[in-house]
Amino acid sequence: YHDKLRKKHGWWTGVNRPAMIAELAENVYQRHVREMNPRAIDEFSNFIRTKKKPEGEARGGAHDDNVMVWAMFFQARKSMPHGTQHTVTRQYSIK
């Protein structure tokens, strides 16, 4: 989407964000998230809950892109046909 007021590109999660984060938290707790990327691990470490944002947000100066990618992945996964098996492999290069 394109936010015309802020001139900023992004993905609008709106009212679904609290449910997305709650489901992600459950998947992290159950160890369904196996992230090896150091930047992504850092983002998870800096994703906090505050009084202002009880569903969570990135600590000041940090990013939450990888956290939200995982949250969206689990949402998309719910609409996948049951009984199918898919393997997702991520490869990283260190520069």
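A. Here's a closer look at the nonpolar core. Counting residues in hydrophobic clusters, the biggest one holds ten residues: Met20, Ile21, Leu24, Val33, Phe47, Val67, Met68, Trp70, Ala71 and Phe74. When contributions to this core are tallied by element, the ones reaching two or more residues are helix H1 (17–29) and helix H3 (65–77). No other element matches the five residues that H3 contributes to this core. With residues near it in sequence (within four places) discarded, Val33 still touches Leu24, Asn27, Val28, Phe44, Trp70 and Phe74.

B. Up close: the packing of aromatic side chains. Throughout the structure, instances matching the rule amount to three aromatic pairs. Consider the rings of Phe73 and Phe74, whose centres lie 5.1 Å apart with planes at 65 degrees: the pair is edge-to-face. Every member of this aromatic cluster is reached through a ring pair, and the members are Trp70, Phe73 and Phe74.

C. Here's a closer look at the side chain of Arg17. Along the chain, Arg17 falls in helix H1. A polar contact of 2.9 Å, which involves the side chain of Arg17, links it to the backbone oxygen of Gly56.

D. Up close: the pattern of salt bridges. Counting across every chain of the model gives three salt bridges. Close ionic contact of Asp64 with Arg17 constitutes a salt bridge, the shortest N to O distance being 3.6 Å. Taken together, the residues Asp64 in the loop between strand S4 (57–58) and H3 and Arg17 in helix H1 connect sequence positions 47 residues apart. For the pair Asp64 and Arg17, one class covers both residues: buried. Each of Arg17, Glu55 and Asp64 takes part in a single network of salt bridges with overlapping partners.

E. Region of the structure containing the confidence of the model for the chain. Put simply, the chain has an average pLDDT of 82, and 74% of its residues get 70 or more. Mean pLDDT across the secondary structure elements of the chain bottoms out at strand S1 (residues 2–3), with 54, and peaks at helix H2 (residues 38–45), with 95.

F. How the structure looks around H3. End to end, H3 covers 18 Å across 13 residues, agreeing with the expected 18 Å (1.5 Å per residue, within 8%). Of the residues making up H3, those classed as buried are Asn66, Val67, Met68, Trp70, Ala71 and Phe74. The elements touched by buried residues of H3 are H1, H2 and strand S3 (47–48).

Thresholds, definitions, all that
Residues numbered from 1 in each chain as written. Predicted model: local features only at pLDDT ≥ 70, side-chain atom pairs only at ≥ 80, totals over all residues. Heavy atoms only, no water. Core = buried A, V, L, I, M, F, W, Y, C linked by side-chain atoms within 4.5 Å. Buried < 20%, exposed > 50% of the residue type's maximum accessible area, 1.4 Å probe, protein only. Helix = DSSP H or I, 4+ residues; strand = E, 2+ residues; numbered from the N terminus. Contact = heavy atoms within 4.5 Å. Phe/Tyr/Trp six-rings, centres within 6.5 Å; stacked < 30°, edge-to-face > 60°. Polar contact = N/O pair within 3.5 Å; in protein donor to acceptor, adjacent residues only side chain to side chain. Salt bridge = Lys/Arg side-chain N within 4 Å of Asp/Glu carboxyl O. pLDDT = per-residue confidence, 0-100. Expected span 1.5 Å × (residues − 1).

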